[in-house]
Amino acid sequence: MKVEELQRFGIETDEIHYQLAKLKNHKSIIVVTGEFSAGKSYLINCLLHSRDLLPSGNQECTPVLVELFKGEEREIVIKYVDGREAREKYSKEIIEKYARYHRNNPQDVLSLDVPCSDFSLPESVHIIDTPGTNTIHKEHEKITEYIISKADLIIYTFNKVIGSSDIEHIKNIKKQTGNIVYVMTHADDINSKTGERFTQSDIDRLLNEARSQLCNAFDCNPDDIILMPIGSDIGLSDRTLPDQVISCISEFVNSQSEERRRVAVKKKIQNIIDDQISALKRKREVAKTAASMDMDALNEKIESFYREKENAEKSHTMLLQSTIHNLSTPPVSYADSPLKEGAIFRLPL
Ligand SMILES: Nc1nc2c(ncn2[C@@H]2O[C@H](COP(=O)(O)OP(=O)(O)OP(=O)(O)O)[C@@H](O)[C@H]2O)c(=O)[nH]1
Ligand SMILES: [Mg+2]
């Protein structure tokens, strides 16, 4: 069965194409998320050795997605929610204009593509900064939710303490992926009790508290949680902690063997199909209560969908292989970025 044939069952094939193209292009999408002001943007700056690459600040700051990747710093692509794109000559001012929240931000910008010539992460990585959660800007949260569904790895940041709203957010992330690395930011803060910088034992105590919060909430083994501290300010000069985060990202990327990537993509495609089955089932319920609707046609659609799905499952590996092969000229938009065209149209903004 060809991917396009799934359209007959109302399945959004854009997303499937995107997943297959990502597999083919060996691209790793790493999404940095967490509550507003947790330190997401500053963490990325620290990892990329630049104090002011991304705007950061004490008030809600990042209003759009910012995708950073290895590339020549020639231009910045601005993507709009309706799929339009604009290109600007690369400059700090352009990043500042779009990636810092102010009252007059254009409302319809979804993301920026920012190349970095000096990129200290593995070459296949595209690291994405996101607007913070737990704010009054619900549209920002929608953008963040959307990009989390595309992530291979989530870096979940929190400022020293994990609160109940963090737990809620992490619950939602876990519905999409189990690949989460927790990063406790502000490990270089001043301890208000002592007036001195946090000592190693202060940091260990905070890490232990966060670990037990996560274990209690998700009923998991403490050893299964990957949790590391960072002080993004001191980290700009003392690379001990940032290097640990970079090693962790590199290890993740290296662990993504072809087979594992295939399994992950297969799971994502399966989820897309299962979601559509659930949607069809819901429609059937609505149809039942409405009584007057064409039940036979709807039932037939569901039955035939199940049949097709079973067949697809049997030959899933073949489907993936042949589809990847057929994608020798994939729609460039999906290969380039998770934020383009079809995918954007379906953003529930
Ligand atoms: N000393 C220190 N300051 C930090 C650290 N992380 C963030 N900050 C500061 O905390 C403030 C918020 O950091 P941001 O990186 O803007 O936070 P954010 O999570 O990107 O915030 P939003 O974009 O609003 O969601 C800024 O003033 C940063 O300089 C850290 O690890 N150590
Ligand atoms: Mg930010």
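The structure under discussion appears in the preceding block.
Calculation criteria
Residues numbered from 1 in each chain as written. Chains lettered and ligands numbered in written order. Predicted model: local features only at pLDDT ≥ 70, side-chain atom pairs only at ≥ 80, totals over all residues. Near = placed C-beta within 6 Å. Helix = DSSP H or I, 4+ residues; strand = E, 2+ residues; numbered from the N terminus. Nonpolar A, V, L, I, M, F, W, Y, C, P; charged D, E, K, R; others polar. Expected span 1.5 Å × (residues − 1). Buried ≥ 20, exposed ≤ 12 C-beta atoms within 10 Å, placed from the backbone. Contact = placed C-beta atoms within 7 Å. Core = buried A, V, L, I, M, F, W, Y, C linked by C-beta atoms within 7 Å. Pairing = 2+ DSSP bridges. Axes fitted to C-alpha atoms, helices over the stretch in contact; angles between N-to-C directions.

Asks: Hey, could you go over the site of ligand 1 for me, with residue numbers and the actual values?
Replies: Residues in contact with ligand 1 amount to 24 residues; listed here are only the nearest, Gly 39, Tyr 42, Ser 56, Thr 62 and Gly 132. If one sorts the elements of the shell around ligand 1 by residue count, helix α2 (residues 40-47) sits on top with three residues. Here the shell around ligand 1 is composed, by residue class, of six nonpolar, 13 polar and five charged.

Asks: For helix α1 (residues 13-25), give the residues involved together with the corresponding values.
Replies: Compared with an ideal rise of 1.5 Å per residue, which puts 13 residues at 18 Å, α1 spans 18 Å between its outermost C-alpha atoms and is within 8% of the ideal. Among all positions in α1, only Glu 15, Ile 16, His 17, Tyr 18, Gln 19, Leu 20, Ala 21, Lys 22 and Leu 23 are buried. Once α1 ends, the next one or two residues include His 26, with phi positive near 50 degrees.

Asks: Report on the environment of Pro 55, specifying residues and quantitative values.
Replies: Structurally, the position occupied by Pro 55 is in the loop between α2 and β2 (65-70). You can call Pro 55 buried: it has 22 C-beta atoms within 10 Å. Spatially, the C-alpha atom of Pro 55 lies 7.0 Å from that of Ser 41, the residues being 14 residues apart in sequence. If sequence neighbours within four positions are ignored, Pro 55 has contacts with Ser 41, Cys 61, Glu 96, Ala 99 and Arg 100.

Asks: Give me the lowdown on the nonpolar core, citing residues and values where you can.
Replies: In terms of nonpolar packing, the biggest core is built from 55 residues, with Ile 30, Val 31, Val 66, Leu 112, Ile 128 and Ile 154 touching the most fellow members. If near-sequence neighbours (up to four positions away) are discounted, Val 66 is found in contact with Leu 54, Ala 99, Ser 111, Leu 112, Val 114, Ile 128 and Asp 129. Counting seven residues, the second largest nonpolar core, distinct from the first, contains Leu 20, Leu 23, Val 265 and Ile 269.

Asks: Tell me what's going on with the sheet that holds strand β3 (residues 75-80), and back it up with residues and numbers.
Replies: Adjacent strands of a sheet pair through backbone hydrogen bonds, lying either parallel or antiparallel. In spatial order, the strands read β4-β3-β5-β2-β6-β1-β7-β8-β9; together these nine strands make up an open sheet with mixed pairing. At either margin of the open sheet sits one strand with a lone partner, and together these are β4 (85-89) and β9 (226-229). Neighbouring strand axes in the sheet, compared pairwise and without regard to direction, differ in orientation by 20 degrees on average. In this structure, β3 lies alongside strand β5 (residues 109-116), joined through four bridges in antiparallel fashion. Among the inter-strand pairings, Ile 78 is bridged to a residue of β5, identified as Leu 112. Of the strands in this sheet, β1 (28-34), β2, β5, β6 (125-129) and β7 (153-159) touch helix α4 (residues 138-148), which is tilted by about 145 degrees from β1. Relative to the sheet, helix α6 (residues 200-218) contacts β8 (180-185) and β9, its axis offset from that of β9 by approximately 150 degrees.

Asks: Got a sec to walk through the pairing of β2? Specific residues and values, please.
Replies: Where β2 meets β5, six bridges bridge the pair, whose relative direction is parallel. The residue bridging Leu 68 from the neighbouring strand is Val 114, located in β5. Note that β2 and β6 share four bridges and pair antiparallel. What sits directly across from Val 66, in β6, is Asp 129.

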